[in-house]
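Coordinates in review
What follows is each chain in one-letter form.
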Amino acid sequence: MLTLIVPGLIWPPQALADLSYDLDLPAFSALLGWARHRRLPPAGVHRSLANLFAIDSNAPIPAAALRRRTLQPDVGQGDAQQGYADWLCLDPAHLHLSERHMLIAHPARLRLDLAAAKELAVALAPTFAELGELSEPSAAAPPFEPLPDICEYPALPLPATPPYAPWRRALNEAQMLLHHHPINRQREAADLPTINSLWPWGGGALDSLVGWADEGSPTLRRTNKLLGLLTSAQPTSLWSNDRVARGLADYFGIPTQPLPTDFAALPQQPVVAIVDTLDQSARCGDAHAWREAVLQLERAWLQPALQALKHGQLKSLRLYAPGNSHSIELTLTRYALLRFWRRPAPLTSLAIATE
């Protein structure tokens, strides 16, 4: 079984029609015509993956601790203070106005190298001293919106409640410091987005994760029945470049590897692949880049996967498109291809079938 998690596919019906009217997508059309369609609740990429691992949908995902785990694999191996303390991502951000809303630029647009990031961290460390040390476990923080889910969407100000007061103060001071920092002068000269703020998110401890490893969990049984993907006897491999996703899989003992450029080799066991090449262009409204990414998805993944399915080399193909308003799941088996009365469907049916 191959499961593709593809963020950035869901558009309003008319926008999807305008974007794809002249695209040649035979494999995608076959998938849309013969697959079983299901509309699911809204979710981001990390939450989608957590659902596959039967993690409580109400529990926050400790993205910072998971990301740190991938950077330092020894973290969490028996060291309670380091591995299971509360961590928080404090990511460099570029806030910009769009019409009447403040947006957070997609992190990929920043192109911030490690040396510059370290220099900014040294300059900002005193500002956040009362909240914790940068790159060290910090005090328990209030919940923040996950950056991957809200970038390029309207950003709401932090709540005017006491738990957020020190964070509002520290972030205001950080913004003033960043405004005059030499790194930003260099970025302006290079025509790059300035780092004009920080975004805290992903707080929590690794030991707050419960799910796939708990074989007796009712949540696990319910999710396995719903998704039909994971069982305790059948671990799934993850292909992804996302450090949080890889940390999540690794935490539950599921093998991971970077996302291949294409579906070149048949997986020997059920695989979940996070193909996030459409996400940035969808969020930024870059129609040309999105169309190119859809064509690449067709050629590199859907066409070879469909051929493998037809020849019995793959048992099933599943495409999961997470979105902010809803998510869509398409499931295609080899036997479903025998439904001769079905016909290929255009990409617009992705929207029409879920209205």
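A brief report on the enclosed structure follows.

Here is what the cut-offs are and how they apply
- Residues numbered from 1 in each chain as written.
- Predicted model: local features only at pLDDT ≥ 70, side-chain atom pairs only at ≥ 80, totals over all residues.
- Heavy atoms only, no water.
- Helix = DSSP H or I, 4+ residues; strand = E, 2+ residues; numbered from the N terminus.
- Buried < 20%, exposed > 50% of the residue type's maximum accessible area, 1.4 Å probe, protein only.
- Contact = heavy atoms within 4.5 Å.
- Areas by Shrake-Rupley, 256 points an atom, 1.4 Å probe, with all protein chains shown as cover.
- Core = buried A, V, L, I, M, F, W, Y, C linked by side-chain atoms within 4.5 Å.
- Phe/Tyr/Trp six-rings, centres within 6.5 Å; stacked < 30°, edge-to-face > 60°.
- Salt bridge = Lys/Arg side-chain N within 4 Å of Asp/Glu carboxyl O.
- Pairing = 2+ DSSP bridges.
- Axes fitted to C-alpha atoms, helices over the stretch in contact; angles between N-to-C directions.
- Parallel < 35°, antiparallel > 145°, perpendicular 65-115°, else oblique.
- Left-handed = near helix turned anticlockwise from the far one by under 90°.

1. Here we look at the overall build of the chain
Scanning the chain from N- to C-terminus turns up 14 helices and 11 strands. The proportion of buried residues among the 355 residues of the chain is 48%. Restricting the contact set of the chain to residue pairs at least 6 apart, pairs at least 24 apart contribute 74%. When the accessible surface of the chain is summed, it comes to about 17,600 Å², and 55% of that surface belongs to carbon and sulfur atoms.

2. Some words on the nonpolar core
The nonpolar side chains of a soluble globular protein tend to be buried with one another. Counting 53 residues, the largest nonpolar core has Leu49, Phe53, Phe128, Trp201 and Leu248 as its most contacted members. Tallying contributions element by element places helix α8 (residues 165-179) first for this core, with five residues. Here Trp201 is in contact with His46, Ala63, Arg67, Leu88, Cys89, Asp91, Phe144, Glu145, Pro146, Leu147, Pro148 and Val244, once residues within four sequence places are set aside. Membership of the second largest hydrophobic core comes to 48 residues, among which are Leu23, Phe28, Leu297 and Leu309.

3. Looking at the environment of Ala289
Among the structural elements, Ala289 can be located in helix α13 (residues 287-310). Residues Ala289 and Leu278, 11 residues apart in the sequence, show an inter-C-alpha distance of 8.0 Å.

4. A word on the packing of aromatic side chains
Aromatic ring pairs are reported here in terms of the distance separating the ring centres and the angle at which the planes meet. All told, the structure shown has seven aromatic pairs when counted by the stated rule. Taking 5.5 Å as the distance between ring centres and 70 degrees as the angle between the ring planes, the aromatic pair formed by Trp11 and Trp290 counts as edge-to-face. With Trp11 in the loop between β1 (2-5) and α1 (13-20) and Trp290 in helix α13, this residue pair connects regions lying 279 residues apart in the sequence. In this pair, the class of Trp11 matches that of Trp290, namely buried. Ring centres of Phe144 and Trp167 lie 5.5 Å apart, and the angle between their planes is 70 degrees; on these two criteria the pair is classed as edge-to-face. Remark: Trp167 occurs in helix α8 and Phe144 occurs in the loop between α6 (114-124) and α7 (147-150); sequence separation between them is 23 residues. Judged by relative accessible area, which is 12%, Phe144 ranks as buried. For Trp167, a relative accessible area of 5% translates into the label buried. A connected cluster of aromatic rings, assembled from ring pairs, spans Phe128, Phe144, Tyr164 and Trp167.

5. Focus on the environment of Ala141
Within the element layout of this structure, Ala141 appears in the loop between α6 and α7. Separated by 60 residues in the primary sequence, Ala141 and Trp201 place their C-alpha atoms 9.2 Å from one another. When sequence neighbours within four positions are dropped, the list of residues in contact with Ala141 reads Leu88 and Trp167.

6. Quick notes on the pattern of salt bridges
Using the criterion set out here, one finds eight salt bridges in the structure. For Arg38, the salt bridge identified is with Glu329, shortest N-O distance 2.8 Å. Taken together, the positions of Arg38 in strand β2 (residues 36-40) and Glu329 in strand β11 (residues 327-333) put the pair 291 residues apart, joining distant regions of the chain. Each member of the pair, Arg38 as well as Glu329, is classed as buried. Ionic pairing is found between Arg318 and Glu329, a salt bridge with its closest N-O pair at 3.8 Å. Placement of Arg318 in strand β10 (residues 316-321) and of Glu329 in strand β11 is noted, with a sequence separation of 11 residues between them. For Glu329, a relative accessible area of 1% puts it in the buried group. By sharing partners, the salt bridges in this structure join Arg38, Arg318 and Glu329 into a single network.

7. Digging into the sheet that holds strand β7 (residues 237-239)
Spatially, the seven strands line up as an open sheet ordered β2-β11-β10-β1-β9-β7-β8, and their pairing is mixed. Edge strands, defined here as strands with exactly one partner in the open sheet, are β2 and β8 (256-257). The pairing of β7 with strand β9 (residues 271-274) spans three bridges and is parallel. Counterpart to Leu238 in the pairing with β9 is Val272. Where helix α2 (residues 26-34) meets the sheet, it contacts β2, β10 and β11, and its direction lies at approximately 90 degrees from that of β11.

8. Quick notes on the packing of α2 against α13
Packing of α2 against α13 brings their axes to within 8 Å, and their N-to-C directions diverge by 55 degrees. Overall, the two elements α2 and α13 adopt an arrangement that is oblique. Here the hand of the crossing between α2 and α13 comes out left-handed. Touching Pro26, Ala27, Phe28, Ala30 and Leu31 of α2 are Leu297, Glu298, Leu302, Gln303 and Leu306, all from α13.

9. A closer look at unusual backbone geometry
Look at Glu152: it is not a glycine, yet its phi comes out positive at around 70 degrees. Position of Glu152 among the secondary structure elements: in the loop between α7 and α8. In this structure Glu152 comes out as buried when scored by relative accessible area, which is 8%. Positive phi outside glycine occurs at Asp191, with the angle close to 60 degrees. Following the sequence through the fold, Asp191 ends up in the loop between α9 (182-189) and β6 (197-204).

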